[in-house]
Amino acid sequence: MLFTDRTEAGRQLGSRLRHHLRGQDVVVLGLPRGGVPVAAEVAEALDAPLDVCLVRKLGVPYQPELGMGAIGEDGVRVVNQEVLRHTGVGPADLDRVEAHERTVLDRRAARYRGARAPVTVTGRTAVVVDDGVATGSTARAACRIARARGAARIVLAVPVAPRDFARRLGVDADDLVCLDTPADFFAIGQFYGDFTQVDDDEVTARLRQAAARHGRATAAPGQDHEVEPVAGTVRLRGRLTLPAGATGVVVFAHGSGSSRHSPRNRFVARGLNRAGLGTLLFDLLTEDEERDRANVFDIPLLAERLAGTTDWLRRRPDAEGLAVGYFGASTGAAAALWAATEPSARPAAVVSRGGRPDLAGPRLPAVTAPTLLVVGGADPLVLELNRAAQARLRCENRLETVPGATHLFEEPGTLERVTDLARDWFTDHMAPAHV
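For clarity, every value in this text was computed on a predicted model and none was experimentally measured. (Residues numbered from 1 in each chain as written. Predicted model: local features only at pLDDT ≥ 70, side-chain atom pairs only at ≥ 80, totals over all residues. Heavy atoms only, no water.)

J.: Any chance you could explain the packing of aromatic side chains here in plain terms?
T.: In this structure the tally under the stated criterion is four aromatic pairs. Plain terms: the ring middles of tyrosine 192 and phenylalanine 195 are 5.1 Å apart, the flat faces sit at 35° to each other, and that makes the pair tilted. A relative accessible area of 32% means that phenylalanine 195 is categorised as partly exposed. Measuring from centroid to centroid gives 4.9 Å for phenylalanine 252 and phenylalanine 327, while their planes differ by 35°, and the two rings are tilted. Of this pair, phenylalanine 252 sits in strand S13 (residues 248-253) while phenylalanine 327 sits in strand S15 (residues 323-329), placing them 75 residues apart in sequence. Exposure remark for phenylalanine 252: the relative accessible area of 0% places this residue in the buried category. Directly above the aromatic system of phenylalanine 195 lies the positively charged group of arginine 6, at a separation of 4.2 Å from the ring centroid. (Phe/Tyr/Trp six-rings, centres within 6.5 Å; stacked < 30°, edge-to-face > 60°. Buried < 20%, exposed > 50% of the residue type's maximum accessible area, 1.4 Å probe, protein only. Helix = DSSP H or I, 4+ residues; strand = E, 2+ residues; numbered from the N terminus. Lys NZ or Arg CZ within 6 Å of the ring centre and 35° of its normal.)

What follows is the structure, encoded as structure tokens:
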């Protein structure tokens, strides 16, 4: 036995993947039914959306166990031409089998998701998760379906598989992650203490919980799209989310080596969206600039980009009259405080998460925006630097420590606490701007 149950297996797999996929825009796809409890734990560890990867095998009419292809959502169909040639199955028979399996697939999608739309896969890293691999046929079909739906990269991740795991999967996945490949592999269930069959109700409940955690069940309808902020003469990349009736927009300044895809900042942003606040996550540097490590610590440059992007945001018709706040992490916090002293910026509030406000140096006494400094209680060096910076602030300010949290707030519940603190600070201090 390797795992107590699927939940424990998912937690171990999520821990392995957290570092493997750091900084990528990830969506986790669980294979029903047994793969969904594993995938739910992986999605929570990666702070990524969870969905099911619904696959139906297209069996040869007179030999249903022999797959001549597979179908997935969005009308995707993958056909094995070699099987069709050897079996002599014609287009009419193939269409008839597909029509039947499509009905079953649509019925399961409705049962599992209800009214929720499928999570978008296009352009993202799709992590396909099952509770294990035996023959590999279903996993291969799932990878092909994810590819056909537009995934930029496919990672197949399972807790346990046979030794020839890689050979069985071929080239359908870009990357394979498996916790163990025992030599005495006979069946997936032999490596679980509890391998009780998962029913549809559990799948539905796991998906509903993940959707609520990620804000898909409660977020107000509004705008959510890729944008290209312009700061001076530089065009950057970002994502602007404006819930219906947004009362303000929080602009995120990412920390050293991070980007608009930062899973921690995206987690906080979704919490702010649920509270009716818009968010703009963008890259402060171009791809060429990121190659020079010195730029990551060039606080005046980062602050200039932040202030310029704020000007760009305020000129947009959809953001007109909305208050703007800054959320800075690590070195991004220094950039936020530096930019806050620029006459054109005028943020309504600033929040720093695990930040380095000390790097704003002589600009600190000139900050007028109400400022919240949030630091992990188990991050003593940064905590001391924040206390020193707080002593130089003349504006309304507060220092909050999150017990047990280290610098990246990876401990259970710590990032949720950051989100709550930021939400309350912004909603208390941001009102529609009058420019």
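J.: Mind showing me how you'd approach the side chain of glutamate 289 here?
T.: Counting through the fold element by element, glutamate 289 comes out in helix H9 (residues 287-290). Glutamate 289 sits in the buried class, given a relative accessible area of 19%. Within polar-contact distance, the side chain of glutamate 289 engages the backbone nitrogen of threonine 286 at 2.9 Å. Setting aside residues no more than four positions away along its own chain, glutamate 289 makes contact with Leu284, Asn295 and Arg305. (Polar contact = N/O pair within 3.5 Å; in protein donor to acceptor, adjacent residues only side chain to side chain. Contact = heavy atoms within 4.5 Å.)

J.: Looking at this structure, I do not really get helix H13 (residues 380-390). What am I missing?
T.: Given 3.6 residues per turn, any residue in an α-helix points the same way as the ones three and four places further on. Residues of H13 that are buried include every one of Val382, Leu383, Asn386 and Ala389, and no others. The buried residues of H13 occupy one face: seen down the axis, they fall within an arc of 125°. Those residues of H13 that are exposed and aimed more than 90 degrees away from the buried face are Pro380 and Leu381. Packed against the buried residues of H13 are strand S16 (349-353), strand S17 (371-376) and strand S18 (397-402). (Arc of directions from axis to C-beta.)

J.: Looking at this model, I keep getting lost on unusual backbone geometry. Mind explaining?
T.: Negative phi is the rule for most residues except glycine; trans is the rule for most peptide bonds. Note the cis peptide between proline 32 and arginine 33, where omega equals -5°. In the Ramachandran plot, aspartate 47 falls in the positive-phi region, its phi being about 50° despite a non-glycine side chain. Take aspartate 47: it is sitting in the loop between helix H2 (35-46) and strand S2 (50-52). According to the relative accessible area criterion, aspartate 47 is buried, its value standing at 11%.

J.: Any chance you could explain the sheet that holds strand S7 (residues 153-160) here in plain terms?
T.: Remark on secondary structure: sheet strands pair via backbone hydrogen bonds, oriented parallel or antiparallel. Taken together, five strands build an open sheet; the order of strands is S2-S1-S6-S7-S8 and the sheet is parallel. The open sheet has two edge strands with one neighbour each: S2 and strand S8 (175-180). Strand-to-strand, the axes of this sheet are offset by a mean angle of 25°, without reference to chain direction. In this structure, strand S6 (residues 125-129) lies alongside S7, joined through five bridges in parallel fashion. Note that in S7 the partner of alanine 126 across the bridge is isoleucine 154. Contacts between helix H1 (residues 6-20) and the sheet are confined to S6, S7 and S8, with S8 contributing the most and set at about 135° to the helix. (Pairing = 2+ DSSP bridges. Axes fitted to C-alpha atoms, helices over the stretch in contact; angles between N-to-C directions.)

J.: Sorry if this is basic, but what is going on with the sheet that holds strand S4 (residues 63-71) here?
T.: Pairing in this open sheet of three strands is antiparallel, and the strands run S3-S4-S5 from one edge to the other. Among the strands making up the open sheet, the edge pair consists of strand S3 (56-60) and strand S5 (77-79). Neighbour to neighbour, the strand axes of the sheet diverge by 50° on average, direction disregarded. Two elements, S3 and S4, share five bridges in a ladder whose sense is antiparallel. Residue pairing in the sheet places lysine 57 in a bridge with alanine 70 of S4.

J.: Whenever I open this one, the environment of alanine 211 confuses me. Can you help?
T.: Examined against the element boundaries, alanine 211 turns out to sit in helix H7 (residues 200-213). The class of alanine 211 is buried, set by a relative accessible area of 2%. Placed 153 residues apart in sequence, alanine 211 and leucine 58 show a C-alpha to C-alpha distance of 30 Å.

J.: What exactly am I supposed to notice about the packing of helix H11 (residues 299-314) against helix H12 (residues 331-340) here?
T.: In a pair of packed helices, the angle between the axes and the distance between the axes together describe the arrangement. In contact at an axis separation of 8 Å, H11 and H12 are set at 65° when each is read in the N-to-C sense. Both H11 and H12 take part in a crossing whose hand is right-handed. Residues Ile299, Pro300, Leu302, Ala303, Leu306 and Ala307 of H11 form the contact with H12, whose own contacting residues are Thr331, Ala334, Ala335, Ala336, Trp338 and Ala339. Residue composition of the contact of H11 with H12, by class: eleven nonpolar, one polar and no charged. (Left-handed = near helix turned anticlockwise from the far one by under 90°. Nonpolar A, V, L, I, M, F, W, Y, C, P; charged D, E, K, R; others polar.)

J.: Would you take a moment to explain the environment of arginine 305 for this structure?
T.: Along the chain, the position of arginine 305 falls in helix H11. Note: C-alpha distance between arginine 305 and proline 229 (76 residues apart in sequence) is 9.6 Å. Aside from chain neighbours lying at most four places away, what touches arginine 305 is Ala231, Val234, Leu236, Phe282, Leu284, Leu285, Thr286 and Glu289. Polar side-chain contacts of arginine 305 include one of 3.0 Å to the backbone oxygen of leucine 284.

J.: In this structure, what is going on with the nonpolar core? I would like to understand it.
T.: Nonpolar side chains in soluble globular proteins tend to be buried together. If you look at the biggest cluster of nonpolar residues, it comprises 45 residues, and the most contacted ones within it are Leu13, Leu17, Val28, Met68, Val127 and Val129. If you tally residues by element for this core, the top one is H2, at seven residues. Not counting residues up to four positions away in its chain, the partners in contact with valine 28 are Ala39, Val42, Ala43, Leu46, Ala48, Pro49, Leu50, Asp51, Val127 and Val129. Among the nonpolar cores identified, the runner-up in size contains 43 residues, and Leu280, Leu322, Ala334 and Ala360 belong to it. (Core = buried A, V, L, I, M, F, W, Y, C linked by side-chain atoms within 4.5 Å.)

J.: Whenever I open this one, the environment of glutamate 41 confuses me. Can you help?
T.: You can see glutamate 41 is positioned in helix H2. Along the primary structure glutamate 41 and glutamine 12 are separated by 29 residues, whereas in three dimensions their C-alpha atoms are 8.7 Å apart. If near-sequence neighbours (up to four positions away) are discounted, glutamate 41 is found in contact with Thr7, Gly10, Arg11 and Arg206.

J.: Mind showing me how you'd approach the pattern of salt bridges here?
T.: Side-chain pairing between opposite charges can occur once the charged atoms of the two side chains come close. Applying the stated rule across the entire model yields 37 salt bridges. The closest approach of N and O atoms between arginine 270 and aspartate 47, which form a salt bridge, is 2.7 Å. Residue arginine 270 is found in helix H8 (residues 263-274), and its partner aspartate 47 is found in the loop between H2 and S2; the two are separated by 223 residues along the sequence. Here glutamate 400 makes a salt bridge to arginine 398, at a shortest N to O gap of 3.0 Å. One network of salt bridges, in which partners are shared, links Asp224, Glu226, Arg237, Arg239, Arg260, Asp283 and Glu287. (Salt bridge = Lys/Arg side-chain N within 4 Å of Asp/Glu carboxyl O.)

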